[in-house]
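Each chain is listed here by its residues.
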Amino acid sequence: MDLTACVRVGPFEVWSPPRPNSLPLQNGDSHFPGRLFIVEGIDGSGKSTQLSLLHKWLESRGYGVVFSEWNSSPLVKDTTKLGKKKKMLTAGTFSLVHATDFADRTERRILPLLKAGAVVLCDRYVYTAFARDVARGMDAQWVRDLYRFAVRPTVAFYFRVPLDTAIHRLLDARDGFKFYEAGMDLGLSDEPEESFRMFQGRVLAEYEKMIDEFRLTVIDATLPIETQQSQVRQIVQRHLDSAKEVRLRR
Amino acid sequence: MREAYGRLLPDMRVADLKGKLIVIEGTDGVGRTTQINLLKPWLEELGHAVIETGVSRSVLAGDGIRRAKERNSLGSVTQTLFYATDFVDRLEREIVPALRAGFIVLTDRYIYSLIARASVRGVDPRWIRSIYSVALKPDAVFYLRLGLQQLLPRVMFSRGFDYWESGRDLFPALEVYESFCAYQSALLAEFERLSAEYRFEIVDATFDEKRVFGQLRTGIQRVLEADSRENGNLSTPSDWQSYQRVNFQQAFAAALNGNRLAASASAAAQLRMPTASGNGNGHAHRSQGDD
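Since the structure is predicted, the reported quantities are computational estimates derived from the model, not experimental observations.

The subject of this paragraph is the overall build of chain A. Helix and strand counts for chain A stand at eight helices and seven strands. Look at the contacts in chain A between residues 6 or more apart in sequence, and 76% of them connect residues 24 or more apart.

A few words now on helix α1 (residues 32-45) of chain B. All names here are of chain B. Its 14 residues place the ends of α1 20 Å apart at the C-alpha level, agreeing with the 20 Å of an ideal helix rising 1.5 Å per residue. Taken residue by residue, α1 has Arg32, Gln35, Leu39 and Leu43 as its buried positions. Mapping the buried residues of α1 onto a view down its axis gives an arc of 60°, with all of them on the same face. In this structure, α1 carries Pro41 and Glu45 as exposed residues pointing more than 90 degrees from its buried face.

At the junction of the two partners, chain B supplies 39 residues and chain A supplies 42 residues. Sorting the residues of the side of chain B that touches chain A by element identifies α2 (62-70), α3 (76-100), α5 (125-131) and α7 (176-197) of chain B as the ones contributing at least two each.

On to the pairing of strand β6 (residues 155-160) of chain A. Residues and elements named next belong to chain A. Alignment of strand β3 (residues 35-40) against β6, held across four bridges, turns out to be parallel. Note on β6: the bridge partner recorded for Phe37 is Val155. Pairing between β6 and strand β7 (residues 217-220): four bridges, direction parallel. In the sheet register, Phe157 faces β7, and the bridge partner there is Thr217.

Take unusual backbone geometry next. Residues other than glycine predominantly adopt negative phi, and peptide bonds predominantly adopt the trans conformation. All names here are of chain B. One non-glycine residue, Ser56, lies in positive phi territory at about 60°. Positionally, Ser56 belongs in the loop between β2 (50-54) and α2. Using a count of 17 C-beta atoms within 10 Å as the deciding quantity, one classes Ser56 as partly exposed. A positive phi angle is found at Arg199, which is not glycine, with a value near 50°. Structurally, Arg199 is set in the loop between α7 and β5 (201-204). Since 11 C-beta atoms lie within 10 Å of it, Arg199 is described here as exposed.

Attention now goes to the nonpolar core. All names here are of chain B. Core analysis: the largest hydrophobic core is formed by 134 residues, its most contacted members being Val105, Ile115 and Leu144. Here this core gets twelve residues from one element, more than from any other, and that element is α3. The contact partners of Leu144, leaving out residues within four places of it in the chain, are Ile24, Gly26, Val30, Gly31, Arg32, Val203, Ala205 and Val212.

All names here are of chain B. One open sheet holds the five strands; their spatial order is β2-β3-β1-β4-β5, and the pairing between them is parallel. If you trace the sheet from one side to the other, it starts and ends with β2 and β5, each paired once. Strand-to-strand, the axes of this sheet are offset by a mean angle of 25°, without reference to chain direction. Both strand β4 (residues 140-145) and β5 contribute to a ladder of four bridges, which runs parallel. Across the sheet, residue Tyr143 finds its bridge partner in β5, namely Ile202. Packed on one face of the sheet, α3 meets β1 (20-25), β2 and β3 (104-108) and runs near 160° to β2.

Mapped onto the secondary structure, Ala173 of chain A falls in helix α6 (residues 163-173). Spatially, the C-alpha atom of Ala173 of chain A lies 9.4 Å from that of Gly44 of chain A, the residues being 129 residues apart in sequence.

As a further point, take the sheet that holds β7 of chain A. Strand pairs in the sheet, formed through backbone hydrogen bonds, run parallel or antiparallel to each other. All names here are of chain A. Strand order in this open sheet of five strands is β4-β5-β3-β6-β7, and the pairing throughout is parallel. The outermost strands of the open sheet, each flanked by one partner alone, are β4 (65-69) and β7. The mean angle between the axes of side-by-side strands here comes to 20°, regardless of whether they run parallel or antiparallel.

Let's shift gears to the confidence of the model for chain B. All names here are of chain B. The predicted model of chain B has a mean per-residue pLDDT of 82, with 78% of residues at 70 or higher. Ignoring residues within four places in sequence, the model shows residues 232-291, a span with pLDDT below 50, making 41 contacts including any to other chains. Among the scores for the predicted complex, ipTM is 0.87 and pTM is 0.83.

On the secondary structure map, Arg35 of chain A appears in strand β3. Sequence separation between Arg35 of chain A and Ala118 of chain A is 83 residues; the distance between their C-alpha atoms is 6.6 Å.

All names here are of chain A. Across the interface, α6 lies against helix α7 (residues 192-213) with an axial gap of 10 Å and an inter-helix angle of 130°. In terms of orientation, α6 and α7 fall into the oblique class. As α6 runs across α7, the sense of the crossing is right-handed. Residues Leu163, Ala166 and Ile167 of α6 form the contact with α7, whose own contacting residues are Arg197, Gln200, Gly201 and Leu204.

Quick notes on the rules
Every chain's residues receive numbers from 1 upward, in the order its sequence appears when written. Written order decides the labels, with chains lettered from A and ligands numbered from 1. Side-chain atom pairs in this predicted model are given and counted only at pLDDT of 80 or more, local residue features only at pLDDT of at least 70, and totals for whole chains, interfaces and linings cover all residues. Each helix is a run of H or I in the DSSP string that is no shorter than four residues. Each strand is a run of E no shorter than two, and both are numbered from the N terminus. The contact rule is simple: place each C-beta atom from the backbone, and if two of them lie within 7 Å, those residues are in contact. One less than the number of residues in a helix, times 1.5 Å, gives the span that helix is expected to have. Residues are called buried when their C-beta atom has 20 or more other C-beta atoms within 10 Å, exposed when it has 12 or fewer, and partly exposed otherwise; all C-beta atoms are positioned from the backbone. The directions from the helix axis to the C-beta atoms form the arc being described. Pairing between two strands requires that DSSP report at least two bridges joining them. The term nonpolar core refers to a group of buried residues, namely Ala, Val, Leu, Ile, Met, Phe, Trp, Tyr and Cys, whose C-beta atoms join them within 7 Å. Note on geometry: axes are lines fitted to C-alpha atoms, helical ones only across the stretch in contact, with angles between N-to-C directions running from 0 to 180 degrees. The pLDDT value tells you how sure the predictor is about a given residue, anywhere from 0 up to 100. By definition in this entry, angles of less than 35 degrees are roughly parallel, angles greater than 145 are roughly antiparallel, angles of 65 to 115 are roughly perpendicular, and the rest are oblique. The crossing is said to be left-handed when, going from far helix to near helix, the turn is anticlockwise and less than a right angle, and right-handed when the turn is clockwise.

Structural data, given as structure tokens:
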């Protein structure tokens, strides 16, 4: 090490290394050849169904598509699982552990893939955290700051559905609600279904506030699946036309 | 009253936190652990209940961080957030409950090391500060200060160069020794900046461990004495009079505002004072539970 290149800080000579490139905060995706499409909405809004239909369509047309799900980082998900299983997550740690998971997916998958020109599809994105964490009592600005490293999506679809419709869909499809999913940690109600209703109501209100703030693209999730999908594809198509280079040769 | 650097986390009550939060900071190999191992029995002998905590010791995220570090594949933003998860878990489930029970919390590093590590890795310094704005302000931060030249032999002849302590993730192209020097220098520079920003009490760690221990004891004693004055350890008449005056003023103010409940509570608190003063400064002597 060249100690002559030292600077004096306090009583010591220190050597300041060149700073590595930090992740730009609030990345615009326009810098990247890839495209990022994400879906948002409360549980039971049908967003995952729509995303999987979009995925198949893009693949059939020869695009290099990669899918990334909320809460799926191999480095972090065991920690999240432990916290949920032992019910030891507070609003603060719930927020942070999900941000850690998202950071790992951003740093090691989403960002490199976008740089490489892939079409990246995310089931839930930062807006999920904004809605849920604030519904749990976290400060809205703090949570927004927390996710400043996130890449801004090309299009953020918000599948808007009334609470009752979502609850009916979920009750038809499964037996009950999980502890954190129903916001049972907030002590709103001892009855899971009632707690779910109250908590998701808060989450829904947060989503509604974000439509203008983040220019979410609203899809009416009460329409037939086919109609929603055709709207989604039309919008996605427009953003692909401007980025022909992402097409894979097969 | 105790406060956070920014907004408190939801459901965090701080009005009744009567314990003391004492931070020992410093870079790797400077002797923080040695000092904490001396301070704890000393404080206990004085009758204070003590718990110690430190980075990545949380039940929630400790194992996850260790596993992720073994794989050497942790990005700098992810690393920062993993440590923040660990910190908040310990803050909420360990530090705050202990402070509420009147313990002295000795913490081996606090948010400052975490801020330094992230800053050196090029993470936006404003971003890290905004995350850690939920941290409680401690009663004192003792920074064990040592230059690189004095640090080197301690590390070389004790544990050797560790992957992360040598900043190998930052400087993979450098030899271990150069990487260690570059990384630790950068950390020291960052600590100097933090020292001014967060008003560290600087402890000269170039001395042997007994003298460093002496410096720390003096500093901690001062923190504890300030505490006993605030809490009404009424050994001198003048203290007693000023205490009475304050309480009468509070009672009057409350009465003037028509708040009878507060007035009577304040007066009642006053009546209890002589017995409270007999109990010393409020640090109950407790046997320590599991670490």
